[in-house]
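Spelled out, the chains give:
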Amino acid sequence: MSTNNNDILVEVQDLKVYFPVAVGSLIKRKIGDIKAVDGVSFSVKRGETLGLVGESGSGKTTTGNALLQLDRPTGGKIFFEGQDITGVGQKEIRKLRRRMQIIFQDPFSSLDPRMKVSDIIGEPLIIHNMAGSRSEYRDQTADLLKVVGLDPSMGDRYPHEFSGGQRQRIGVARALAVKPSFIVCDEPVSALDVSIQAQIINLLEDLQEKFNLTYLFIAHDLAVVRHISDRIAVMYLGELVEIASRMDLYHNPMHPYTRALLSAVPIANPTVESKREHIILKGEVPSPLFPPKGCHFHPRCESSLEICSKEPPQKKEIAPGHSVTCHLY
Ligand code: SF4
């Protein structure tokens, strides 16, 4: 089994997460499955950040949820620290949650408005029996606030008294409380102003170094993941279409979908920006209930070949660590 490699913290093999769809009010009849994630494989090395990018409906959030067993896999395998955690029971899931945490997109709705911030941060310590005495608990929550750049005296306030960026810092502190090794960052800056986004990304980078954290960083565009990711995986309609190191992906994107996503990322230099080709993606992401035959991307692809609407392309490694799923290669 490839998971013997000590460098790999998380490994996903042929992951599938399907949601059944039924019609009828009295007698339900299943008409199909939404294949939110369909045969996705990748690994995340210890201490690295893997960016996971795609438009909404690409399956990236479901992939993150499946790693944490928030959505149970329909097929495939998930390994964490070499252990097969696919389909483990509730007791095991509870134990895993100490080592795997999540930071949600929306800092407004992910914090209980009736709880004081110190209790929001401290709740995971109580759940996992790590709170210790009352004064130890107080010290731990104060330290966590400090670590994310908030004043410990703020622990007595309620979430509505904080700005969006501060609330996301609280979400980060809560995820850190139980000293996890792996954190799924599910679009953690998408709801924030651009000026605040960089602060939160810098904070996540500092914390990664300080606590040797490993991240799966989910985002819907390639601009956000550029600075934080070591490698980047691109998803489209439940499938992984390209995976490469950050350098390779930005300088040598191979999949037509990756190229279109990259062309939407603005470049600071106005001369270069004015000469760039912008690829406008045709139409919307099709319904995952009835995905197009062959390559799911073919109705929107500028480079589509005859075979593309008939046969699904296979994943190919075109350079070490750079794989693409497309008939062009
Ligand atoms: Fe485009 Fe064909 Fe490649 Fe799909 S397989 S991305 S349709 S060229």
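Being a predicted model, the structure only gives us computed values, none of them experimental.

### Concerning the site of the ligand
Right, so step 1: Around the ligand, a shell composed of 13 residues is seen, among which Cys295, Cys301, Cys308, Cys326 and His327 lie nearest.
Right, so step 2: Here the residues of the shell around the ligand are counted per class, giving eight nonpolar, five polar and no charged.

### Some details on the sheet that holds strand 7 (residues 182-186)
Right, so step 1: Taken in spatial order, the eight strands line up as 6-7-8-3-9-10-12-11 in an open sheet, and their pairing is mixed. With partners counted over all chains shown, the strands left at the sheet margins are strand 6 (100-103) and strand 11 (315-319), one partner each. Within the sheet, the average angular offset between the axes of one strand and its neighbour, ignoring direction, is 20°.
Right, so step 2: Relative to strand 10 (residues 239-245), strand 9 (residues 231-236) runs antiparallel, the two being bridged by six bridges. Pairing of methionine 235 across the sheet is with leucine 240, part of strand 10.
Right, so step 3: The sheet strands contacting helix 1 (residues 60-67) are strand 3 (49-53), strand 6, strand 7, strand 8 (214-219) and strand 9, and the helix crosses strand 8 at an angle near 155°.

### Considerations on the environment of lysine 45
Right, so step 1: Secondary-structure assignment places lysine 45 in strand 2 (residues 29-45).
Right, so step 2: For lysine 45, a relative accessible area of 38% corresponds to the partly exposed category.
Right, so step 3: Placed twelve residues apart in sequence, lysine 45 and aspartate 33 show a C-alpha to C-alpha distance of 32 Å.

### A word on the packing of helix 3 (residues 117-127) against helix 4 (residues 134-147)
Right, so step 1: Two numbers describe how helix 3 lies on helix 4: the axes approach to 9 Å, and their chain directions differ by 115°. One element, helix 3, and the other, helix 4, form an angle in the roughly perpendicular class. Every pair of crossing elements has a handedness; the one defined by helix 3 and helix 4 is right-handed. Across the interface between the two elements, Val117, Ser118, Asp119, Ile121, Gly122, Glu123, Leu125 and Ile126 from helix 3 touch Tyr137, Gln140, Thr141, Leu144 and Leu145 from helix 4.

### Here's the deal with the nonpolar core
Right, so step 1: Phe217 and Leu222 are the most contacted members of the largest nonpolar core, which has 56 residues in total.
Right, so step 2: There are two domains that each give this core at least three residues, and those are domain 1 (8-99 + 180-325) and domain 2 (113-178).
Right, so step 3: Dropping the residues within four chain positions of it, phenylalanine 217 is found in contact with Thr49, Leu50, Gly51, Leu52, Cys185, Pro188, Ile201, Leu204, Val224, Val225 and Ile228.
Right, so step 4: Core analysis: the next-biggest nonpolar cluster, separate from the first, contains 30 residues, Val10, Phe42, Ile93 and Leu96 among them.

### Some remarks on the packing of aromatic side chains
Right, so step 1: On inspection of all chains with the given rule, the structure shows four aromatic pairs.
Right, so step 2: Look at phenylalanine 80 and phenylalanine 182: their rings are 6.3 Å apart centre to centre, the planes differ by 50°, and that puts the pair in the tilted class. In this pair, phenylalanine 80 sits in strand 4 (residues 75-80) while phenylalanine 182 sits in strand 7, placing the two residues 102 residues apart along the sequence. Across the pair, phenylalanine 182 and phenylalanine 80 agree in class, each one buried.
Right, so step 3: Consider the rings of tyrosine 236 and phenylalanine 297, whose centres lie 5.0 Å apart with planes at 80°: the pair is edge-to-face. With a gap of 61 residues between them, tyrosine 236 in strand 9 and phenylalanine 297 in the loop between helix 10 (270-275) and strand 11 connect regions that are remote in the sequence. Take tyrosine 236 and phenylalanine 297: they sit in the same class, and that class is buried.
Right, so step 4: An aromatic cluster of at least three residues, connected via ring pairs, comprises Tyr236, Tyr257 and Phe297.

Scoring rules and cut-offs
- Counting restarts for each chain: residues are numbered from 1 in the order of the written sequence.
- Residues qualify for local features only when their pLDDT is at least 70, as the model is predicted, and side-chain atom pairs are given and counted only at 80 or more; totals for whole chains, interfaces and linings, by contrast, use all residues.
- The basis for every side-chain value is the complete set of heavy atoms in the structure, and neither hydrogens nor water enter the calculation.
- Throughout, the term near means that a residue has one or more heavy atoms lying within 4 Å of the molecule or strand in question.
- The residue classification treats Ala, Val, Leu, Ile, Met, Phe, Trp, Tyr, Cys and Pro as nonpolar and Asp, Glu, Lys and Arg as charged. All others, Gly included, are polar.
- Only when DSSP finds a minimum of two bridges between them are two strands counted as paired.
- Secondary structure elements follow DSSP: runs of H or I of four or more residues count as helices, runs of E of two or more count as strands, with numbering from the N terminus.
- A fitted line through C-alpha atoms represents every axis, and for helices the fit uses only the stretch in contact; the resulting angles, taken between N-to-C directions, go from 0 to 180 degrees.
- Contacts were defined at the residue level, with two residues in contact if any of their heavy atoms lie within 4.5 Å.
- When accessible area is computed with a 1.4 Å probe and restricted to protein chains, residues below 20% of their type maximum are described as buried, those above 50% as exposed, and intermediate ones as partly exposed.
- Angles below 35 degrees are treated as roughly parallel, those above 145 as roughly antiparallel, those between 65 and 115 as roughly perpendicular, and all remaining angles as oblique.
- The hand of a helix crossing depends on one turn: near helix anticlockwise from the far one by less than a right angle means left-handed, and clockwise means right-handed.
- In plain words, nonpolar cores are sets of buried Ala, Val, Leu, Ile, Met, Phe, Trp, Tyr and Cys residues tied together by side-chain atoms within 4.5 Å.
- For the domain bounds, the source is a domain assignment made automatically or taken from a database.
- What counts as a ring pair is set by centres within 6.5 Å for rings of Phe, Tyr and Trp (its six-membered ring), and what kind of pair is set by the plane angle: stacked under 30 degrees, edge-to-face over 60, tilted for all other angles.

Remember that the coordinates give geometry; whether it matters functionally is a separate question.
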